[in-house]
Amino acid sequence: MQSTGRSHEADAALAARIRSGDREALGELYDRYAAVSLGVALRVVRDRDAAEDVVHDAFVAVWQKITRFDAEQGQLRSWLLTIVRNRAIDRVRGARVAEDIDVLDELGALRSTANPTWEAAVANLSLARLRDALGSLPGEQREAVELAYFGGHTYREVAALTGVPAGTAAGRLRLALAKLRQLLTGTDAGPASAPPSVEPTAGAGPP
Amino acid sequence: MNEHDPMSRLPLDCTAVDELAGAITLGALEPDESRAVNEHLATCTQPHEELRTLLGANAALAASTEPVTPSAGLRDRLMATIASTPQEVAPAAPAHSTAEAPPPPPRQAAPSAQLSLPWWRSLFDPRSAGFARGFAVVAVAGVIVLAAVNLSLRGSLDDRQATLDRVASALSGGSVAYHVKGAGGSGFVIQRTSGPVLVAAVRPAPAGHIYEMWLLDAAGKPVSAGTFTTNGEIVAVPLEGQLAGHAIFAVTLEAHRVNAPTTTPIIAGPIGT
């Protein structure tokens, strides 16, 4: 895999060319990320033709809305994959569930900003390592993450699907991502992320 | 909602937002919850470090999927589509670099001859029409910037005006933003699809005081649009009510929420064209 810096610079250059109306630059972006995009889309929609439609539409969106992307603040790859994932969820769920790039609010900005720690992990770790990390999560946490991220379910829906209180589902998502971060980067998720040694339960207070 | 429900404490406090950090990161909130979190983050002065460290997990989750080679025709189909697809217009220049009229002089207490009238009446006085015309109405286009996040979460940058422009630009999404200024600072009222938002850099409110936002109609009747406090950082505050039907936006310093302004505005400006 490319180093984070090289990848970021190359993507920033591609973004600049796309912004200038260079269609071949979009083609190069496609060549670089079509396979990973299709992997994400297929994981969500589980239908090859539908997944290719999602990827097509996502790259068209990148072409149309490239002026909304700020290379200084985020990775083009992450931006693209956010679009792919959200449109794939739209496809299977039929309604706006995840925020799209058209929504520019606090959360949209937060999710779109660069996070060097995660991006370095993605750039430097193999697919197998990433999958191992996800697979090492406790089963109920991994299930919650997969339902939320790849299934497009809200944490309340995750709670209903898994038969736990909403607070427990929210806690599982929180603990899962904190542990994933720890596994991939070797760092804790922050001052509030006490070691999740105890599974949150209903009525147990904040997880 | 039961006692273990993070959304059972409305408006959301910092603890509830932290409890939702995973769901926030994954976009796994209900729409009303997303709005509530947005409202909290727009004005919260706490860093929410855990949330910020979890953000970015989506990239790792996406990268954990097995790449799949697309069919041979997909690239050609894409290139054919974009050949006939226009791109969105590039963002306008940052608001501070637009051809903006010189800022009006700070508006202090009304002259004694006008003391019989509330200050906001004078905004509609033909003799002071230049006050309103002195504000530029600028359109700022949307780009997502880190500055928006840093500042709303108590970040700090040296160039406050440039940063304010960037925050307003980030939040506007291409919508029209109305520039409001005064002795107490400056800002933008942005007409967003989810409702109007004030993004402003104003001086810290004295202890025991709040800032109250006002919308005034063409007759000069003020309606409270909410309150906020700040320690001097740039804030983004959703307005209560809509801009439609109103001509002026203003912010006054008050000891508590009131039904009509009791002081002259620290910032004000027209919100119509």
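Residues numbered from 1 in each chain as written. Chains lettered and ligands numbered in written order. Predicted model: local features only at pLDDT ≥ 70, side-chain atom pairs only at ≥ 80, totals over all residues. Heavy atoms only, no water.

1. Some words on the overall build of chain A
When helices and strands are counted, chain A shows 10 helices and zero strands. Sequence-ordered secondary structure for chain A, helices as α and strands as β, is α-α-α-α-α-α-α-α-α-α. Out of the 207 residues belonging to chain A, those deemed buried represent 54%. Long-range contacts, defined here as pairs at least 24 residues apart, represent 63% of the contacts in chain A between residues at least 6 apart. (Helix = DSSP H or I, 4+ residues; strand = E, 2+ residues; numbered from the N terminus. Buried < 20%, exposed > 50% of the residue type's maximum accessible area, 1.4 Å probe, protein only. Contact = heavy atoms within 4.5 Å.)

2. Things to note about unusual backbone geometry
The phi dihedral of A:R46 falls on the positive side, at around 60°, and the residue is not glycine. With respect to the helices and strands, A:R46 occurs in the loop between helix 2 (23-45) and helix 3 (48-65).

3. Points about helix 8 (residues 139-150) of chain A
For helix 8 of chain A, built from 12 residues, the straight-helix expectation of 16 Å at 1.5 Å per residue is met to within 8% by its first-to-last C-alpha distance of 16 Å. Considered for burial, the residues of helix 8 of chain A that qualify are A:Q141, A:A144, A:V145, A:A148, A:Y149 and A:F150. Here the buried face of helix 8 of chain A lies against helix 2, helix 4 (76-93), helix 9 (155-162) and helix 10 (166-185) of chain A together with helix 5 (57-63) of chain B. Just past helix 8 of chain A, the residue A:G152 takes up positive phi, approximately 70°. (Expected span 1.5 Å × (residues − 1).)

4. A word on the nonpolar core
In terms of nonpolar packing, the biggest core is built from 88 residues, with A:L26, A:L29, A:F59, A:L173 and A:L184 touching the most fellow members. In terms of residue count, helix 2 of chain A provides more of this core than any other element does, 12 residues in total. Taken together, domain 1 (2-99) and domain 2 (108-184) of chain A each give at least three residues to this core, which thus spans both. Ignoring any residue separated from it by four or fewer positions in sequence, one finds A:L173 in contact with A:A144, A:V145, A:A148, A:Y155, B:G22, B:A23, B:L26 and B:A28. B:L198, B:A205, B:M213 and B:V237 belong to the second-largest nonpolar core, a separate cluster that totals 21 residues. (Core = buried A, V, L, I, M, F, W, Y, C linked by side-chain atoms within 4.5 Å. Domains from an automatic or database assignment.)

5. What to know about helix 10 of chain A
Compared with an ideal rise of 1.5 Å per residue, which puts 20 residues at 28 Å, helix 10 of chain A spans 29 Å between its outermost C-alpha atoms and is within 8% of the ideal. For helix 10 of chain A, a buried count of 16 out of 20 residues is recorded, marking the element as mostly surrounded by other parts of the structure.

6. Some points on the packing of aromatic side chains
All names here are of chain A. Tallied over the entire structure, the rule returns four aromatic pairs over all chains. Between F69 and W79, the ring centres sit 5.4 Å apart and the planes meet at 35°, which makes this aromatic pair tilted. One end of the pair, F69, is in the loop between helix 3 and helix 4; the other, W79, is in helix 4, with 10 residues separating them in the sequence. As far as the burial class goes, F69 and W79 line up, both buried. Look at Y149 and F150: their rings are 4.8 Å apart centre to centre, the planes differ by 85°, and that puts the pair in the edge-to-face class. The burial state of Y149 is the same as that of F150; both residues are buried. (Phe/Tyr/Trp six-rings, centres within 6.5 Å; stacked < 30°, edge-to-face > 60°.)

7. Some points on the pattern of salt bridges
Residues and elements named next belong to chain A. For the structure shown, the criterion picks out 12 salt bridges over all chains. Across the pair R32 and D11 runs a salt bridge, and its minimum N-O distance is 2.7 Å. Note that R32 is positioned in helix 2 and D11 in helix 1 (residues 4-19), a separation of 21 residues in sequence. Judged by relative accessible area, D11 falls into the buried class, the value being 1%. Linking R43 and E146 is a salt bridge whose minimum nitrogen-to-oxygen distance equals 3.3 Å. (Salt bridge = Lys/Arg side-chain N within 4 Å of Asp/Glu carboxyl O.)

8. Re the packing of helix 2 of chain A against helix 3 of chain A
Residues and elements named next belong to chain A. Where helix 2 contacts helix 3, the two axes come as close as 8 Å, and the packing angle between them is 140°. One element, helix 2, and the other, helix 3, form an angle in the oblique class. Judged by the sense of rotation from one axis to the other, the crossing of helix 2 with helix 3 is right-handed. Residues R23, L26, L29, Y30, Y33, A34, S37, L38, A41, L42 and V45 of helix 2 lie in contact with helix 3, whose contacting residues are R48, A50, A51, E52, V54, V55, F59, V62 and W63. For the contact of helix 2 with helix 3, a count of residues per class yields 16 nonpolar, one polar and three charged. (Axes fitted to C-alpha atoms, helices over the stretch in contact; angles between N-to-C directions. Parallel < 35°, antiparallel > 145°, perpendicular 65-115°, else oblique. Left-handed = near helix turned anticlockwise from the far one by under 90°. Nonpolar A, V, L, I, M, F, W, Y, C, P; charged D, E, K, R; others polar.)

9. Here's the deal with the confidence of the model for chain A
All names here are of chain A. For chain A, the average pLDDT comes to 81, and 76% of its residues sit at 70 or higher. In this model, residues 97-104 is a region of pLDDT below 50 whose contacts with residues beyond four sequence positions or in other chains number 27 contacts. For residues 191-207, every residue scores under 50 in pLDDT, and the model assigns this stretch 33 contacts once sequence neighbours within four places are set aside. (pLDDT = per-residue confidence, 0-100.)

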